[in-house]
Amino acid sequence: MAKTSDKPLADYEVLLCLTGSIACYKSADLAGRLIRNGAGVTAAMTDAAQRFICPLTFQSLTHRQVFADLWQSGENFRSRHISLTEAADLIIVAPATANIIAKMACGIADDLVSTMALAAHDACEVLVAPAMNSRMWSAPATQANMETLKGRGVHVVGPAEGALACRTDGLGRMAEPADILAAADEIARRKPPKKTAG
């Protein structure tokens, strides 16, 4: 598919990573929007994410295998976290919990998603969409972790203010899929996909 100005994600390979938040339901909408805008989408999920939404949802939307296990062998015995990040133009972590944000800031790699986030260095762009309780979002540790990630070039969209799963209102809602798509579009406008670059 030719890349056009109205579809900057055409030919883009997106690795959509889900972590444990009720906002996982929004990520199904996001996957559909990415695909309709020309991106190829591969989903990866933590164990906690699978408690909120099942892998079959994303397999049905993307028509691709969903990855959830760090120990799944890759093609030609290549490490899965390496092969997936090398193929991706963009990793979107949505929802990004306080836990995954802390892991990314500290370089902890103890499951597939956190390992891919670390392996993304010098391989592809990374966009995070935080989702958590407002007190967790405003906690000094979370804010310090976010500043660390931004300082390393990680792109951030949200969070938004509104109703939270804990039945309170505040800052911490995951950005809406349309806003995450717009952020991904902006990244794609500045950096061409690997398979057409050069």
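The structure under discussion appears in the preceding block.
Residues numbered from 1 in each chain as written. Predicted model: local features only at pLDDT ≥ 70, side-chain atom pairs only at ≥ 80, totals over all residues. Heavy atoms only, no water.

Asker: Can you tell me about the sheet that holds strand β5 (residues 155-156), naming the residues and giving the values?
Answerer: Pairing in this open sheet of five strands is parallel, and the strands run β2-β1-β3-β4-β5 from one edge to the other. The open sheet has two free edges, formed respectively by β2 (40-45) and β5, since each of these has just one partner strand. Bridging between strand β3 (residues 90-96) and strand β4 (residues 125-130) involves five bridges; their strand directions are parallel. Each residue of the ladder has a partner; that of Leu90, found in β4, is Glu125. (Pairing = 2+ DSSP bridges. Helix = DSSP H or I, 4+ residues; strand = E, 2+ residues; numbered from the N terminus.)

Asker: Could you give an account of the environment of Met132, naming the residues involved and the relevant values?
Answerer: Secondary-structure assignment places Met132 in the loop between β4 and α6 (134-138). As for Met132 and Gly170, which are separated by 38 residues in sequence, their C-alpha atoms are 9.9 Å apart.

Asker: Can you tell me about the side chain of His155, naming the residues and giving the values?
Answerer: The topology assignment puts His155 in strand β5. Using a relative accessible area of 19% as the deciding quantity, one classes His155 as buried. Excluding residues within four positions of it along the chain, His155 makes contact with Glu125, Val126, Leu127, Val128, Ile187 and Arg190. (Buried < 20%, exposed > 50% of the residue type's maximum accessible area, 1.4 Å probe, protein only. Contact = heavy atoms within 4.5 Å.)

Asker: Hey, could you go over the pairing of strand β1 (residues 13-18) for me, with residue numbers and the actual values?
Answerer: Within β1, five of the six residues are buried, which leaves it mostly tucked inside the rest of the structure. In this sheet, β2 lies alongside β1 in parallel orientation, the contact comprising six bridges. Looking across to β2, one finds that Glu13 is bridged to Gly40. Once the chain exits β1 it traverses helix α1 (residues 24-36) before rejoining the sheet at β2, and the crossover so formed is right-handed. Summarising the sheet, β1 and β3 pair through four bridges and their orientation is parallel. (Right-handed = clockwise from strand over helix to strand, strands pointing away.)

Asker: Pulling in residues and values, what's your account of a nonpolar patch on the surface?
Answerer: There is a patch of nonpolar side chains on the surface, built from Ile22, Tyr25 and Phe52 and spanning about 330 Å² of accessible area. Position of Tyr25 among the secondary structure elements: in helix α1. (Patch = residues over 30% accessible without salt bridge, like charges linked within 9 Å, V, L, I, M, F, W, Y side chains within 5 Å. Areas by Shrake-Rupley, 256 points an atom, 1.4 Å probe, with all protein chains shown as cover. Salt bridge = Lys/Arg side-chain N within 4 Å of Asp/Glu carboxyl O.)

Asker: Could you give an account of the packing of helix α4 (residues 98-106) against helix α7 (residues 140-151), naming the residues involved and the relevant values?
Answerer: How two helices sit against one another is set out by the angle between their axes and by the gap between those axes. For the pair α4 and α7, the least separation of the axes is 9 Å and the interaxial angle reads 50°. Looking at the two axes, α4 sits oblique to α7. For the crossing formed where α4 meets α7, the hand is left-handed. For the pair α4 and α7, contact is made by Ala98, Ile101, Ala102, Met104 and Ala105 and by Thr142, Asn145, Met146, Thr148 and Leu149, respectively. The residue makeup of the contact of α4 with α7, split by class, is seven nonpolar, three polar and no charged. (Axes fitted to C-alpha atoms, helices over the stretch in contact; angles between N-to-C directions. Parallel < 35°, antiparallel > 145°, perpendicular 65-115°, else oblique. Left-handed = near helix turned anticlockwise from the far one by under 90°. Nonpolar A, V, L, I, M, F, W, Y, C, P; charged D, E, K, R; others polar.)

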